[in-house]
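# Summary of the model geometry
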Amino acid sequence: MSAVKPLDYDIKDLGLAADGKRRIEWAEREMPVLRLIRERFSQERPLSGVRVAACAHVTTETANLVRALQSGGAETILIASNPLSTQDDVAASLVSDWSVPVFANKGETTETYNRHVRTALDFHPEIIIDDGSDVVATLIKERQRQLPEITGTTEETTTGIVRLRAMEASGVLTFPSIAVNNAQTKHFFDNRYGTGQSTLDGIIRATNILLAGRSLVVVGYGWCGKGVALRARGMGSNVIVTEIDPIKAVEAVMDGFRVMPILEAAPIGDIFVTVTGNRHVIDGQHFALMKDGAIVCNSGHFDLELNLVALQELSEDPVRLRPYVEEYMVNKSGNRIIVLGEGRLINLAAAEGHPASVMDMSFANQALSVEYLIKKKGELKPGVHLLPQAVDMEIASLKLRALGLRIDQLTAEQTEYLSSWETGT
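Residues numbered from 1 in each chain as written. Predicted model: local features only at pLDDT ≥ 70, side-chain atom pairs only at ≥ 80, totals over all residues. Heavy atoms only, no water.

### A closer look at unusual backbone geometry
Leaving glycine out, the prevailing phi sign among residues is negative, and the prevailing peptide bond configuration is trans. Applicable threshold: In DSSP terms, a helix is any run of H or I states spanning at least four residues, a strand is any run of E spanning at least two, and both are numbered starting from the N terminus. Only protein chains enter the accessibility calculation, which uses a 1.4 Å probe; a residue whose area is less than 20% of its type maximum is buried, one above 50% is exposed, and one in between is partly exposed.
One non-glycine residue, H280, adopts positive backbone phi at about 50°. Turning to its location among the elements, H280 is positioned in the loop between β10 (271-274) and α12 (284-289). Classification of H280 by relative accessible area gives partly exposed; the value is 26%.

Below you can see the structure in the form of structure tokens.
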């Protein structure tokens, strides 16, 4: 069995390590739940000797997840889950200060990204932490011989879970996978508050525009879309929501937003943000209708939410105006369309991603999911599983403890009442 040596790595500049370490330690101050888990892991060592391949955004928060896994005894390799989300100083610090083999460069090509995915599989992991299911998909398509080595996987994103369920329906998912994204302490907070704030942060950092008074179109009203819409309204934007789900569309209306098809929103919007997890939700026909100066970006997982090939066919070659800001001139109308972050995750391309205090709970879910998979090795059936509610509640309780907050407990009388049908009003 070949394996990556502990100090093999592919990063931009090892000399950035000192800056990365300071930022990792700064983020740790905002991640008390993960710190408590790391302290327990260091005593109990529940992951001793377990090989973990993590495909994630290489950020300060992810670095603290890797540190927790190391404290639990895991042997870990880390690759980027997106070509533009890597923080190069963090990658350098993980290699230099914690001897983690990291394969990630901000701005890496698709070819390099795919090579790194295969490098992660060369590590022969027992556990895969995935973010979009590219590693799992590559494993199933190209490395069938390694399938018996897999104890289980965890998945961070809505997009990845959609792909996993498709694999399950096709009968090719031969191991258990924990849908971390679906834990309440993940999607209620990470997707809503994290994506909401960090998406606007990315837009503002990239463009330095004023959001107040502009029409901002949110494509998709899942938890990420709700977060973006709420934060944009708070900044003074006139928010429009587009949806395919009638229940979510009604919810958006009840939340006070205008709802309409994307074709109707296309000529109205000043800023467009996609958060659907689906492909080409803004397509050529929509780009053709947009007003001069419309800004388009994506905060879903993959850049294919925007059909940039269709935009290129409609336009002149793009002009780079600022870092992560490209202008396309539409030939027929002469209108200029501004694409941010090459259509990739704008909150990580142009900003730093979610605040550490939000990722604290998300990565607590990841750490405890890895522990759960090890504890239940051989017991869980192949397929997509939720993390047990007790673990979800444990994470929320740890968060309250870290914040110095207490809540009420049910009395014995109240507990009895809730479990009985005989006592009426």
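### Focus on the sheet that holds strand β3 (residues 102-103)
Put simply, the rule reads: Whether two strands pair comes down to DSSP finding at least two bridges between them.
The 7 strands are arranged β3-β2-β1-β4-β5-β6-β15 in an open sheet whose pairing can be described as parallel. A single partner strand is all that each edge strand has here, and the edge strands are β3 and β15 (383-385). Strand direction decides the pairing type here: strand β1 (residues 51-56) and strand β4 (residues 127-130), joined by 3 bridges, are parallel. Within β4, the position partnered with V52 by the bridge is I127.

### Considerations on the sheet that holds strand β8 (residues 238-242)
Rule in force here: By definition, residues are in contact when any of their heavy atoms lie within 4.5 Å. As a rule, the C-alpha atoms of each element are fitted with a line to give its axis, helices using only the stretch in contact, and angles between N-to-C directions run from 0 to 180 degrees.
The strand order across the open sheet formed by 8 strands is β9-β8-β7-β10-β11-β14-β13-β12, and the pairing between neighbours is mixed. Bordering the open sheet on either side are β9 (258-259) and β12 (319-322), each of which pairs with just one other strand. Here 2 bridges tie β8 to β9, and the two strands are oriented parallel to one another. Looking across to β9, one finds that V241 is bridged to V259. In the packing of helix α9 (residues 223-234) onto the sheet, contacts are made with β7 (215-219), β8 and β10, and the angle to β7 comes to roughly 170°.

### Focus on helix α1 (residues 17-28)
In an α-helix, one turn spans 3.6 residues; hence positions three or four apart end up facing the same way. Stated formally: To estimate how far a helix should extend, the number of its residues minus one is multiplied by 1.5 Å. It is the directions from the helix axis to the C-beta atoms that the arc portrays.
When the terminal C-alpha atoms of α1 are compared, their 16 Å separation across 12 residues agrees well with the 16 Å that a helix rising 1.5 Å per residue should span. Looking only at α1, the buried set comprises A17, G20, I24, A27 and E28. All buried residues of α1 project into a common sector of 105° when viewed along the axis, lining one side. Seen from the open side of α1, the exposed residues pointing more than 90 degrees away from its buried face are R22 and W26.

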